[in-house]
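Close look at the chain arrangement
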Amino acid sequence: MSTNRRGFLKGLAGAGAGAAATGMAGCAPDISPAPFVNAEKDASRRVVLTVSRYPDLSRPGGAITLRVQGEQQVLVAHPQGTQYVVLTSLCTHSGCPLGFEKNEAICPCHLSRFALDGTVTHPPARQPLRQFSSSFDSESGELTIDFGAGEEGFPSVVDGKIFFPFAQFPDLQTPGGKVEGTPGGYGTAIFVFSLEDGTYAAVDSICTHQQCPVQFRETEDDLFCFCHNSRFTKTGEVREGPALVTGDLKKFSVTSDTTGVTVAIV
Ligand code: FES
Ligand code: FES
């Protein structure tokens, strides 16, 4: 079911509401978050939308905010023709839900703008939005969004584990090295760190406060959530910010041998 733009406040519940409410004092009057739509996923973590059922999405230039239980909330936009893009729907500046206008995702709170590939085109946001895998079948009019899809060239989950061969990921042989990416079959970015003491750590990239993605900061050697400034160690422990209430990043167990590093994703 779709909620209209007057449903903004209602729609914010559970979707970065704290940040959005804070930012609303600076809201631009003519930009609103894309209307909210709830949908179900299948066992493969795919969502299939019959686009014609959603007038806000079927018109070129339209967009909806899609909520699927257990997945990141996403902005589904229809720039033109049969082109559709799916991006994280929360602004990377302070977590406000995004609107869509003139082929850009726009934040109503402080007017950050993002291109169709998620890159920042206007500050104050500095971090890009994540793009999700999707495909449109023009015969059936169905848009399929794959929440479990991974990044090209990044290892996938096999039997609940991800293997990073040193031959392909030499940074993991150096203390202080790291790899970052989205494994197929998991669908969310993870970090794997080679720690200074010779051990390894692997953590999920989703902040436990309001589900913004955390970023690695070289200068601070930590993981930082730019939405509301929560800070985590490379082993996932929360150190500062509102995530002190919600807890550490999700941690994965890691083993290694002479050939590479294995992360258990279950
Ligand atoms: S929350 Fe500040 S620009 Fe989006
Ligand atoms: S989402 Fe609020 S601190 Fe990360």
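First things first, this report covers the structure right here in the doc.

The rules behind the values
- Residues numbered from 1 in each chain as written.
- Chains lettered and ligands numbered in written order.
- Predicted model: local features only at pLDDT ≥ 70, side-chain atom pairs only at ≥ 80, totals over all residues.
- Heavy atoms only, no water.
- Helix = DSSP H or I, 4+ residues; strand = E, 2+ residues; numbered from the N terminus.
- Pairing = 2+ DSSP bridges.
- 1 Å grid on protein atoms, 1.4 Å probe; cavity = no way out; pocket = protein on both sides within 12 Å on 5 of 7 lines; lining within 4 Å.
- Points joined across faces, edges and corners; volume = space filled by probe spheres on them.
- Nonpolar A, V, L, I, M, F, W, Y, C, P; charged D, E, K, R; others polar.
- Domains from an automatic or database assignment.
- Disulfide = S-S within 2.5 Å.
- Buried < 20%, exposed > 50% of the residue type's maximum accessible area, 1.4 Å probe, protein only.

1. Observations concerning the environment of Ala189
Looking at the secondary structure, you find Ala189 in the loop between β13 (178-181) and β14 (190-194). Along the chain, Ala189 and Arg130 lie 59 residues apart, while their C-alpha atoms are 9.4 Å from each other.

2. With respect to the sheet that holds strand β8 (residues 113-114)
On the basis of which strands lie adjacent, the open sheet formed by 4 strands has the order β6-β7-β8-β9 and antiparallel pairing. What marks the edges here is a single partner per strand, and that holds for β6 (99-101) and β9 (120-122). Taken together, the 3 bridges between β6 and strand β7 (residues 104-106) define a ladder with antiparallel strand orientation. Bridging from a neighbouring strand, Glu101 pairs with Glu104 of β7.

3. Looking at the layout of surface pockets
Counted as a void, the second largest pocket has a volume near 260 Å³. Along the walls of the second largest pocket sit 17 residues, with Arg130, Glu180, Ala189, Pro213 and Gln215 positioned nearest its centre. Of the residues assigned to the lining of the second largest pocket, the class counts are 7 nonpolar, 7 polar and 3 charged. No fewer than three residues from each of domain 1 (5-146) and domain 2 (161-264) sit in the lining of the second largest pocket.

4. So, the pairing of strand β20 (residues 251-256)
Here strand β15 (residues 200-204) pairs with β20 via 2 bridges, running antiparallel. Considered in β20, the bridge of Ala202 is made with Phe252. Pairing of β20 with strand β21 (residues 260-264), which is carried by 4 bridges, proceeds in the antiparallel orientation. Within the sheet, the bridge partner assigned to Val254 lies in β21 and is Val263. Between the antiparallel neighbours β20 and β21 lie 3 residues.

5. Description of the state of the cysteines
Under the criterion given, the structure shown has 2 disulfides. Paired through a disulfide, Cys96 and Cys109 show a sulfur-sulfur distance of 2.0 Å. Its torsion about the S-S bond being -90°, the disulfide of Cys96 and Cys109 is classed as left-handed. Of this pair, Cys96 sits in the loop between β5 (83-88) and β6 while Cys109 sits in the loop between β7 and β8, and the two are 13 residues apart along the sequence.

6. So, unusual backbone geometry
In this structure, Pro124 follows Pro123 across a cis peptide bond, with omega equal to 15°. Along the chain, the position of Pro124 falls in the loop between β9 and β10 (131-137). Even without a glycine there, the phi angle at Leu111 is positive, about 65°. Note that Leu111 resides in the loop between β7 and β8. A residue is classified by how much of its surface remains accessible, and Leu111, at 36% relative accessible area, is partly exposed.

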